[in-house]
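# Examining the three-dimensional arrangement
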Number of protein chains: 2
Amino acid sequence: MTDVVIAGIGQTKVGELWDISLRDLAFDAIQDAVKDSGGLKPQALFIGNMLAPNLSNQAHLGALIADYAGLAGIEAMTLEAAGASGGAALRQGYLAIASGMLDVALVVGVEKFTDKIGPDVDTALATTSDSDFEAVQGMTPTAQAALLMRRYMHEYQVPRDGFAGFALTAHANGVSNPYAMFRKAIKLETYTKAEMVNEPLNLFDVAPNADGAAALVLTRRELIPTNFAHSLVKISGSASASDTLALHDRKDVLYFETAQLSAGRAMKQAGITLNQINFFEYHDMFSIYAALQLEAVGLAIKGQGWKLAADNEIALKGKIPCATMGGLKARGFAGGATGVYQAVEAAAQLRGPAGTNQIAGAKYGLIQSLGGPASTAVSHILQKLD
Amino acid sequence: MTDVVIAGIGQTKVGELWDISLRDLAFDAIQDAVKDSGGLKPQALFIGNMLAPNLSNQAHLGALIADYAGLAGIEAMTLEAAGASGGAALRQGYLAIASGMLDVALVVGVEKFTDKIGPDVDTALATTSDSDFEAVQGMTPTAQAALLMRRYMHEYQVPRDGFAGFALTAHANGVSNPYAMFRKAIKLETYTKAEMVNEPLNLFDVAPNADGAAALVLTRRELIPTNFAHSLVKISGSASASDTLALHDRKDVLYFETAQLSAGRAMKQAGITLNQINFFEYHDMFSIYAALQLEAVGLAIKGQGWKLAADNEIALKGKIPCATMGGLKARGFAGGATGVYQAVEAAAQLRGPAGTNQIAGAKYGLIQSLGGPASTAVSHILQKLD
């Protein structure tokens with residue numbers, strides 16, 4: 001089968017971008033990615049978006065953004081899988097190129113939390129959990145994560161501050177990322193003294209909702225000109241899996257089964273084992289998610305994921321660097337754009353040089369995008385080609 | 001390349017189904033389609049849905065429905081392209097199977113207009129048009145269609161009742177479809193005396209919003225057992241195109257360019273010409289859409305689409321039968337399920353026998369799903385295999 005490669009990457013700064021509209025955000029990222037690809041002509045646009053139909057009263061983003069980016073006529077549609085919408089868009093773009101039916105596809109993640117004209121953000125976010133059985137009771141994704149964290153602390157006798165390492169690493173890595181929302185390192189006492197959001201989750205256990213857009217140009221390897229400007233990055237594994245939305249339907253709430261299934265399938269397709277992965281872009285919407293992802297993909301045994309962070313093993317020079325550009329915590333959680341940001345950042349790492357945060361000799365990166373508490377997980381293996 | 005075939009079809013009745021929830025609708029259609037496929041095991045679920053995040057406060061339908069249908073673990077995501085969401089889901093299911101990465105995929109369209117707990121239906125529907133430039137002015141899709149119809153009548157000197165044939169044909173064909181919302185034929189005077197919805201659109205120029213779900217099992221031809229229960233239906237052409245959301249951005253508002261582009265690409269891929277098409281399932285959300293689609297795909301010259309209906313040439317025994325199971329007008333407009341209903345109905349026609357409404361000797365069917373005023377169009381050619 002043909003190799004699917006990332007030919008172009010683009011991203012906007014992440015943050016509260018009050019003066020940039022949804023369509024302008026997408027346009028900026030598209031323009032950068034197409035330019036970076038040497039001007040490849042996209043035939044299709046796969047949008048990852050989570051909440052625009054609610055927050056901006058705007059559905060039908062495919063046609064809207066294709067037109068606004070000067071691409072009217074091309075195929076365009078939106079993928080939605082809650083927080084994993086960006087990963088889902090990447091997955092569909094990958095399948096479209098792999099099918100041989102399309103030569104060049106744009107994958108764009110975009111989200112606009114500010115300037116909302118619909119319901120409040122918590123109400124909108126709650127639409128991604130089980131509306132009839134959880135949201136209707138007042139459950140929000142943050143409350144759900146708090147339950148998970150409390151259970152984890154109880155089950156494995158973990159102190160609350162055992163989670164500090166996730167935020168410390170993310171913020172340390174965000175400093176050198178010009179696109180990150182927060183570019184300031186934090187100290188342990190900043191974490192320990194932070195106010196509670198939803199006990200036991202404090203402010204630094206929760207990624208900030210933010211605006212942003214990221215874009216990728218995908219194509220087949222043989223369509224890349226020989227004098228291409230960048231090292232090529234191949235998508236050598238791609239997989240997705242689903243689980244219940246509601247936590248009460250799970251056999252084991254502390255096991256992110258989809259994270260395991262999708263990462264396992266992606267690695268199998270890539271023909272690699274876990275110890276060949278040089279870095280891991282996880283979906284640290286909440287620090288407890290990061291811990292559970294490390295365990296599910298096999299980087300830590302159950303109940304020990306937090307220790308990798310506590311022992312500084314997820315830092316840039318640790319055993320398995322994570323959130324290398326700041327992750328969701330410091331780069332910011334731009335909803336359905338998140339999975340595409342992960343791919344853009346991983347591609348930058350693999351192309352090199354990625355500045356101060358470069359992982360030396362990186363050949364394989366694992367990126368994983370979650371919807372809800374791993375109700376959806378989409379995993380990709382990106383590989384540097386020689 | 002491998003042949004992608006429709007191995008199973010399923011559908012619920014369309015209507016105001018107050019006592020069936022969104023997830024139950026999807027489940028019923030899935031169960032029927034999987035049974036009809038002889039029990040093939042889906043690896044992926046592509047949901048077509050338009051408004052659940054607004055009307056039912058429920059996003060993240062992929063994981064929700066996969067779980068509820070007993071398929072938790074499989075890949076699952078939602079495709080959105082306004083009224084073309086079902087067509088978009090079919091397109092993605094097709095690409096996934098064509099890629100060779102998946103063997104069996106479920107494509108499910110589902111929509112629930114009743115039991116709404118979100119905003120009113122018109123507000124929700126307006127999210128599919130340009131929020132910043134049209135919806136904000138109070139423009140709804142129905143008002144937009146009324147403008148198109150008035151312009152058409154003016155430009156081509158068409159009497160208002162010149163559109164009656166679309167509704168008459170749809171309602172005549174709905175009579176024998178047990179899944180249709182309306183199963184009663186209407187007379188010309190029923191049309192001419194109908195109350196205005198949005199002048200010049202009357203009640204019979206507008207398809208009714210309805211609940212419903214339809215499902216398809218797609219696989220590769222070589223995976224079908226030799227003793228399979230049905231004639232096989234192949235997806236021999238698949239294409240999609242996009243245009244501006246806002247009408248004021250169009251060069252010619254009376255030309256549905258995406259309908260032409262996507263149908264042309266699909267026929268080219270199938271290696272057929274227009275005169276080989278035995279029937280056309282258009283997206284008759286409004287009678288003016290049907291007229292413009294007939295013209296855009298080349299079945300009538302500009303300004304003459306309405307005459308095909310007036311001359312009874314779209315009836316079951318006409319030159320080009322349309323809406324053979326009642327279309328959106330009589331079967332009902334089940335939002336993002338619509339494109340999947342079209343495929344289910346076309347597959348039933350091609351397999352035969354499709355009861356009273358059977359098109360004799362049908363070999364090729366063209367189905368076309370629209371989002372907004374053809375801001376998105378998704379076209380597929382279904383072919384009966386010998």
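Conventions and cut-offs
Residues numbered from 1 in each chain as written. Chains lettered and ligands numbered in written order. Predicted model: local features only at pLDDT ≥ 70, side-chain atom pairs only at ≥ 80, totals over all residues. Heavy atoms only, no water. Helix = DSSP H or I, 4+ residues; strand = E, 2+ residues; numbered from the N terminus. Rg over C-alpha atoms; globule rule 2.2 N^0.38 Å. Buried < 20%, exposed > 50% of the residue type's maximum accessible area, 1.4 Å probe, protein only. Contact = heavy atoms within 4.5 Å. Areas by Shrake-Rupley, 256 points an atom, 1.4 Å probe, with all protein chains shown as cover. Lys, Arg positive; Asp, Glu negative; His and termini not counted. Charge placed at Lys NZ, Arg CZ, Asp CG, Glu CD. Pairing = 2+ DSSP bridges. Domains from an automatic or database assignment. Buried area = accessible area lost by both parts, 1.4 Å probe. Salt bridge = Lys/Arg side-chain N within 4 Å of Asp/Glu carboxyl O. Expected span 1.5 Å × (residues − 1). Phe/Tyr/Trp six-rings, centres within 6.5 Å; stacked < 30°, edge-to-face > 60°. Lys NZ or Arg CZ within 6 Å of the ring centre and 35° of its normal. Polar contact = N/O pair within 3.5 Å; in protein donor to acceptor, adjacent residues only side chain to side chain. Nonpolar A, V, L, I, M, F, W, Y, C, P; charged D, E, K, R; others polar. Least-squares fit on C-alpha atoms with pLDDT ≥ 70 in both. Axes fitted to C-alpha atoms, helices over the stretch in contact; angles between N-to-C directions. Parallel < 35°, antiparallel > 145°, perpendicular 65-115°, else oblique. Left-handed = near helix turned anticlockwise from the far one by under 90°.

Another point: the overall build of chain A. Along chain A, the regular secondary structure elements total 13 helices and 11 strands. By the compact-globule yardstick of 21 Å for 386 residues, chain A fits well, its C-alpha radius of gyration being 19 Å. For chain A, the C-alpha atoms occupy an extent of roughly 55 × 45 × 40 Å along the three principal directions. Counting the 386 residues in chain A, one finds 67% classified as buried. Of the contacts formed within chain A by residues at least 6 apart in sequence, a portion of 78% connects residues at least 24 apart. Accessible surface computed for chain A: about 12,600 Å², of which carbon and sulfur atoms make up 51%. The distance from the centre of the 30 positive side-chain charges to the centre of the 37 negative ones in chain A is 7 Å.

Another point: the pairing of strand S3 (residues 75-80) of chain A. If a strand is regular, its side chains alternate between the two faces of the sheet. In terms of residue burial, S3(A) counts as a mostly covered element, since 6 of its 6 residues are buried. Side chains Glu75(A), Met77(A) and Leu79(A) project from S3(A) onto one buried face, and the interleaved Ala76(A), Thr78(A) and Glu80(A) project onto a second face that is buried too. As paired elements, strand S2 (residues 44-48) of chain A and S3(A) share 5 bridges and run parallel to each other. Bridge assignment links Ile47(A) to a residue of S3(A), and that residue is Thr78(A). In this structure, S3(A) lies alongside strand S3 (residues 75-80) of chain B, joined through 3 bridges in antiparallel fashion. Bridging across to S3(B), Leu79(A) finds its partner in Leu79(B).

By convention, interface size is frequently given as the accessible area that disappears when the constituent parts associate. Residue and element names in this part refer to chain A. Examined at the domain level, chain A breaks down into domain 1 (4-117 + 209-223) and domain 2 (129-206 + 235-384). With 42 residues of domain 1 in contact, the opposing surface of domain 2 contributes 34 residues. Interface area, domain 1 with domain 2, both sides summed: about 2,700 Å², of which 65% is carbon and sulfur. Where domain 1 packs against domain 2, one counts 1 salt bridge.

What follows covers helix H4 (residues 85-98) of chain A. All names here are of chain A. With 14 residues, H4 extends 20 Å from end C-alpha to end C-alpha; this agrees with the ideal 20 Å at 1.5 Å per step. With 14 of 14 residues buried, H4 lies mostly within the body of the structure. Looking one or two residues beyond H4, the residue adopting positive phi is Gly-100, at roughly 80°.

Attention now goes to the packing of aromatic side chains. All names here are of chain A. The tally for this structure, following the rule as stated, stands at 18 aromatic pairs over all chains. Their ring planes at 75° and their centres at 5.6 Å tell us that Phe-256 and Tyr-289 sit as a pair that is edge-to-face. One end of the pair, Phe-256, is in the loop between strand S8 (233-242) and helix H9 (257-270); the other, Tyr-289, is in helix H10 (residues 287-296), and 33 residues separate them in sequence. Here Phe-256 and Tyr-289 have matching classes, each one buried. An aromatic cluster is defined as three or more aromatic residues linked by ring pairs; in this entry it consists of Tyr-152, Tyr-156, Phe-163, Phe-166, Phe-280 and Tyr-282. The residue whose ring lies beneath Arg-23 is Tyr-68, and the NZ or CZ to ring-centre distance is 5.9 Å.

Our next topic: the interface of chain A and chain B. Tallying the contact residues gives 59 residues for chain A and 59 residues for chain B. Summed over both sides, the interface between chain A and chain B buries roughly 4,400 Å², with carbon and sulfur atoms accounting for 52% of that surface. On inspection of chain A and its partner chain B, the count reaches 6 salt bridges. Here Asp132(B) and Arg23(A) are joined by a salt bridge, their closest N and O atoms 3.4 Å apart. Counting the contacts that link chain A with chain B gives 32 residue pairs in polar contact (both at pLDDT 80 or more). Elements with a contribution of two residues or more to the side of chain A that touches chain B: helix H2 (52-55), helix H3 (61-68), S3, H4, S8 and H9 of chain A. Looking at the side of chain A that touches chain B element by element, the count peaks at 7 residues for H4(A). Looking at the side of chain A that touches chain B, its residues break down into 28 nonpolar, 21 polar and 10 charged.

Now for the side chain of Glu281(A). Residue and element names in this part refer to chain A. Position of Glu-281 relative to the elements: it lies in strand S9 (residues 279-281). The buried charged residue Glu-281 lacks any salt bridge, with Arg-331 as its nearest oppositely charged partner at 5.2 Å. Leave out the neighbours within four places in its chain, and Glu-281 touches Ala-323, Thr-324, Met-325, Gln-342, Glu-345, Leu-366, Ile-367 and Gln-368.

With that settled, the discussion passes to the relation of the copies chain A and chain B. Take chain A, turn it by 180°, move it 0.0 Å along the axis, and it overlays chain B with an RMSD of 0.0 Å. On this basis, the relationship between the two copies can be described by a two-fold rotation axis. Rotation axis and chain A: the residue whose C-alpha lies nearest the axis is Ser99(A), separated from it by 1.7 Å. Looking at the interface residues of chain A, 100% of them are also at the interface in chain B, so both copies use one shared face.

Residue and element names in this part refer to chain A. Where helix H1 (residues 22-36) meets H3, the axes come as close as 9 Å, and the angle between the chain directions of the two elements is 60°. With respect to their mutual orientation, H1 and H3 come out oblique. The handedness of the crossing between H1 and H3 is right-handed. The residues of H3 that touch H1, namely those facing Leu-22, Arg-23, Asp-24, Ala-26, Phe-27 and Ile-30, are Leu-61, Leu-64, Ile-65 and Tyr-68.

Turning to helix H13 (residues 338-351) of chain B, a few remarks are in order. Think of an α-helix as turning once every 3.6 residues; residues three or four places apart then point the same way. For H13(B), built from 14 residues, the straight-helix expectation of 20 Å at 1.5 Å per residue is met to within 8% by its first-to-last C-alpha distance of 20 Å. Counting buried residues in H13(B) gives 13 out of 14 residues, a clear majority hidden from the surface.

Note that the residue after Glu199(A), namely Pro200(A), is joined by a cis bond; omega there is 5°. Structurally, Pro200(A) can be placed in the loop between strand S5 (196-198) and strand S6 (201-202). One non-glycine residue, Ala82(A), adopts positive backbone phi at about 55°. Mapped onto the secondary structure, Ala82(A) falls in the loop between S3 and H4. The exposure class assigned to Ala82(A) is buried, which follows from its relative accessible area of 0%. A positive phi angle is found at Ala374(B), which is not glycine, with a value near 60°. The residue Ala374(B) is located in the loop between strand S10 (364-371) and strand S11 (376-384) in this model. Given a relative accessible area of 1%, Ala374(B) falls into the buried group.

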